[in-house]
Amino acid sequence: MKQFSLILILFLLSVAASSQEVIDRYGALIRSNVSEANVYLIFTGHEHYEGFEHVLEVLKKEEIQASFFLTGDFIRQHRELVKEIAAAGHFVGAHSNRHLLYNDWTKRDSLLYSPATIKKDIIDNLKELESIDIYPEVFMPPYEWYNQEVVEIAAEAGQRTINFSPGIRTNADYTSPDMANYLSSQEILKNLYHYEQEHGLNGFHILIHPGTSPLRKDKLYLNLDSIISELKERGYHFFRFM
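Below is a short write-up of the structure. (Residues numbered from 1 in each chain as written. Predicted model: local features only at pLDDT ≥ 70, side-chain atom pairs only at ≥ 80, totals over all residues. Heavy atoms only, no water.)

### Side note on the overall build of the protein
(1) Moving on: Across its full length, the protein carries eight helices and nine strands.
(2) Moving on: Computed over its C-alpha atoms, the radius of gyration of the protein comes to 17 Å, within 12% of the 18 Å expected for a compact globule of 242 residues.
(3) Moving on: Oriented by its inertia axes, the alpha-carbon framework of the protein measures out at about 45 × 40 × 40 Å.
(4) Moving on: Each of the 242 residues in the protein was classed as buried or not, and the buried ones make up 53%.
(5) Moving on: Considering only intrachain contacts with a sequence separation of at least 6, the fraction spanning at least 24 residues in the protein is 74%.
(6) Moving on: When the 23 basic and 33 acidic side-chain charges of the protein are each reduced to a single mean position, those positions are 3 Å apart. (Helix = DSSP H or I, 4+ residues; strand = E, 2+ residues; numbered from the N terminus. Rg over C-alpha atoms; globule rule 2.2 N^0.38 Å. Buried < 20%, exposed > 50% of the residue type's maximum accessible area, 1.4 Å probe, protein only. Contact = heavy atoms within 4.5 Å. Lys, Arg positive; Asp, Glu negative; His and termini not counted. Charge placed at Lys NZ, Arg CZ, Asp CG, Glu CD.)

### Structural notes on the packing of aromatic side chains
The description of an aromatic ring pair rests on the distance of the ring centres and on the angle between the ring planes.
(1) Moving on: Enumeration over the complete set of coordinates arrives at 12 aromatic pairs.
(2) Moving on: Ring centres of Phe43 and Phe68 lie 5.0 Å apart, and the angle between their planes is 25°; this geometry places the pair in the stacked category. Here Phe43, found in strand β3 (residues 38-45), pairs with Phe68, found in strand β4 (residues 67-70); they are 25 residues apart in sequence, far enough to count as distant.
(3) Moving on: Look at Phe68 and you get buried, because its relative accessible area is 0%.
(4) Moving on: With a centroid separation of 4.9 Å and 35° between ring planes, the pair formed by Phe52 and Phe74 is classed as tilted. Here Phe52 is found in helix α2 (residues 52-62), whereas its partner Phe74 is found in helix α3 (residues 72-77), with 22 residues between them in sequence.
(5) Moving on: Residue classification places Phe74 among the buried positions, given a relative accessible area of 0%.
(6) Moving on: Members of the aromatic cluster, each reached through a chain of ring pairs, are Tyr40, Phe69, Phe91, Phe239 and Phe241.
(7) Moving on: Positioned above the aromatic ring of Trp145 is the side chain of Arg108, whose terminal nitrogen or guanidinium carbon lies 3.8 Å from the ring centre.
(8) Moving on: Over the ring of Tyr146 we find Arg108, and its NZ or CZ is 5.1 Å from the ring centre. (Phe/Tyr/Trp six-rings, centres within 6.5 Å; stacked < 30°, edge-to-face > 60°. Lys NZ or Arg CZ within 6 Å of the ring centre and 35° of its normal.)

### Some details on the packing of α2 against helix α4 (residues 79-87)
(1) Moving on: Axis separation between α2 and α4 bottoms out at 11 Å; the angle between their running directions is 15°. Judged by the inter-axis angle, α2 sits roughly parallel to α4. The two elements α2 and α4 cross, and the hand of that crossing is left-handed. On α4, the residues that touch Phe52, Glu53 and Leu56 of α2 are Leu81, Glu84 and Ile85.
(2) Moving on: Of the residues assigned to the contact of α2 with α4, the class counts are four nonpolar, no polar and two charged. (Axes fitted to C-alpha atoms, helices over the stretch in contact; angles between N-to-C directions. Parallel < 35°, antiparallel > 145°, perpendicular 65-115°, else oblique. Left-handed = near helix turned anticlockwise from the far one by under 90°. Nonpolar A, V, L, I, M, F, W, Y, C, P; charged D, E, K, R; others polar.)

### A look at helix α5 (residues 115-130)
(1) Moving on: Helix length check: α5 (16 residues) gives 22 Å between terminal C-alpha atoms against 22 Å at 1.5 Å per residue, within 8%.
(2) Moving on: Three or more residues of α5 are buried, namely Ile118, Asp121, Ile122, Asp124, Asn125, Leu126, Glu128 and Leu129.
(3) Moving on: Considering only its buried residues, α5 is in contact with β4, α3, α4, β5 (91-94), β6 (138-139) and α6 (148-156). (Expected span 1.5 Å × (residues − 1).)

### Comments concerning the pattern of salt bridges
(1) Moving on: Evaluated as defined, the whole model comprises 14 salt bridges.
(2) Moving on: Ionic pairing is found between Arg160 and Glu21, a salt bridge with its closest N-O pair at 2.7 Å. Residue Arg160 is found in strand β7 (residues 160-161), and its partner Glu21 is found in the loop between α1 (2-19) and β1 (22-23); the two are separated by 139 residues along the sequence.
(3) Moving on: Under the relative-accessibility criterion, Arg160 is labelled partly exposed at 25%.
(4) Moving on: One continuous salt-bridge network, built from bridges that share partners, spans Asp73, Arg76, Arg79, Arg98 and Glu128. (Salt bridge = Lys/Arg side-chain N within 4 Å of Asp/Glu carboxyl O.)

### A word on the nonpolar core
In a soluble, globular protein the nonpolar side chains are often hidden away together inside.
(1) Moving on: One finds Leu41, Phe43, Leu59, Phe68, Leu70 and Leu224 to be the most contacted residues of the largest nonpolar core, which totals 56 residues.
(2) Moving on: Sorting elements by how many residues they give to this core places α2 first, with five residues.
(3) Moving on: Sequence-distant contacts of Leu224, that is, excluding residues within four places in its chain, are made with Leu41, Phe43, Val55, Val58, Leu59 and Ile208.
(4) Moving on: Judged by nonpolar contacts, the second largest core, of 12 residues, contains Ile23, Phe69, Met140 and Ile162. (Core = buried A, V, L, I, M, F, W, Y, C linked by side-chain atoms within 4.5 Å.)

### Section: the pairing of β4
(1) Moving on: Covered by surrounding structure in β4 are Ser67 and Phe69 together with Phe68 and Leu70, the residues of both alternating faces.
(2) Moving on: As paired strands, β3 and β4 are joined by four bridges and run parallel to one another. In the strand pairing of β4, Gly45 is matched with Leu70.
(3) Moving on: Chirality of the crossover, the property in question, places the unit of β3, α2 and β4 among those that are right-handed. (Pairing = 2+ DSSP bridges. Right-handed = clockwise from strand over helix to strand, strands pointing away.)

From the geometry alone we can't say anything about function, so treat these as descriptive.
Shown next, in the form of structure tokens:
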């Protein structure tokens, strides 16, 4: 595994250097092509799904293709919806089969499942996608939480690991008022546009959850239309993963 790890890291560094991608310390792609004013809308799906049709309608109206990372559980429960997403031209990738937390929140280097279990969880997710003729090569870990070993395991399963770009905090739209880290949509949008003004968003992966806890009444995905319009006005173009 150590030899494989070194080879993987060297490969990822060479790819990043040649294409101006940003790879995090664990080996995951967190920005794509920083030299261009392109952004990548990312949506994940597992337990909640109430906002998916709204998101698809907005993307269709704006003529934008995005990327959806879906668990095996989601696919089994919403097979026709997943087919609809793919038919609309969006990228559909794996997000784990059962949405397991692969590694500890506080001791990130510690796996909570064996490498074999994690690999099977990823492969089982891929099998669900293959059953509807979807064959992705890009993977987003469950909870968007992983370490180097998880990235290596995903690579063994033929998957390149990606994650959202840190700093803009759109990923906090899963929080609800009962949580200490709760952020309202207004706060998230303020942070997004301020970050763009200060640093730019070239190559950013912008994660939005199209399904969240019923305890969160303030759904960020309902602002998707305005987010797209604002970023278009600021000169950005929207792309999906391949």
